[in-house]
Every structure is written in C-alpha cells, then in structure tokens.
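Geometric and topological summary
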Amino acid sequence: QLQLAEFGGGLVQPGGSLRLSCAVSGFHLDFYAIGWFRQAPGKEREGVSCIMISGGDTDYVDSVKGRFTISRNNSNNMVHLQMHSLKPEDTAVYYCAASYGGDCHGKFDYDDINYWGKGTLVTVSS
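Residues numbered from 1 in each chain as written. Predicted model: local features only at pLDDT ≥ 70, side-chain atom pairs only at ≥ 80, totals over all residues. Heavy atoms only, no water.

With that settled, the discussion passes to the sheet that holds strand S7 (residues 68–73). The strand order across the open sheet built from four strands is S1-S3-S8-S7, with neighbouring strands paired in antiparallel fashion. Either end of the sheet is taken by a strand with one partner, and the two such strands are strand S1 (2–7) and S7. Direction aside, neighbouring strands of the sheet carry axes that sit 15 degrees apart on average. Across six bridges, the pairing between strand S3 (residues 18–26) and strand S8 (residues 78–83) is antiparallel. When the bridges of S8 are listed, Ala23 appears paired with Met78. (Pairing = 2+ DSSP bridges. Helix = DSSP H or I, 4+ residues; strand = E, 2+ residues; numbered from the N terminus. Axes fitted to C-alpha atoms, helices over the stretch in contact; angles between N-to-C directions.)

So this is what it looks like as structure tokens:
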C-alpha cells in the first residue's frame, strides 16, 4: 500500500517554470513506477511523465518533451516534475500516480495506476 501527496502547483505566466513534488510513502517502492497525470476541465486524465523507482528509467508524453523533467530522490522518497516553458495548454490538475509493476514505456496508462494523489492545480495564464 502506498500513499501519495503532491504539492507545488500554483499560478504561473506563460513561459514560466514550476516544480511539482510528490511525497511517496509505503513499502516495496522499488516495484513501482511513479509519475504524473493531468486533467483539465472537460478533458480526460492524461499521462504526462513517469519514472521507475528502481533504475530511474523515464518517459514523457510528446507534448512536454524538452520542457518537463521528472526525477526521483530515493533517499527521501520524493518524485519531482520540473516544468519549464509552460503553456496555457498545460493548465490542469496534476496528479501523482503509482503503478505496481509499471513500465514507463507503454504500461503507465490510466488503467495501470494503483494509487493516486489528490492533485495540485497548475494554472498557466497571463
């Protein structure tokens, strides 16, 4: 069983930067892929990025490649999403998510997620 608590959202202007953080607690974290989904009003929740706790392999949705960077700190069980060059289209509630036995390269879809955080709102607007 895992608990996820994300924070760091807020209001930022287009082109700005923001860092999201997810505190992960539980056991056997090495079996999980941890990452981020986002959901804008009226849209379905989409995967943004993920990272393997064991090994650190990462993946990103095409729309954020080159702008977002996911990282993990296994010493304090934190996962971060550093977001640069933010666009209004990035506005959404961002959810930390965990998949047991997840594979960032094709097995980190919505139906693969076992645990969700409550979400943190990112608003990109001038």
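Now that the structure is up, let's keep going.
Glancing now at the state of the cysteines. Counted under the stated rule, the structure contains two disulfides. Put simply, Cys50 and Cys104 are joined by a disulfide, and their sulfur atoms are 2.3 Å apart. Residue Cys50 is located in strand S5 (residues 46–52), and its partner Cys104 is located in the loop between strand S9 (92–100) and strand S10 (115–116); the two are separated by 54 residues in the primary sequence. For the pair Cys50 and Cys104, one class covers both residues: buried. Disulfides within the chain link the bonded cysteines, taken in sequence order, as 1-3, 2-4. (Disulfide = S-S within 2.5 Å. Buried < 20%, exposed > 50% of the residue type's maximum accessible area, 1.4 Å probe, protein only.)

With respect to the helices and strands, Ser49 occurs in strand S5. Among the polar contacts listed, one links the side chain of Ser49 to the backbone oxygen of Asp59, at a separation of 2.9 Å. Sequence-distant contacts of Ser49, that is, excluding residues within four places in its chain, are made with Gly35, Trp36, Asp59, Tyr60, Ile70, Leu81 and Phe108. (Polar contact = N/O pair within 3.5 Å; in protein donor to acceptor, adjacent residues only side chain to side chain. Contact = heavy atoms within 4.5 Å.)

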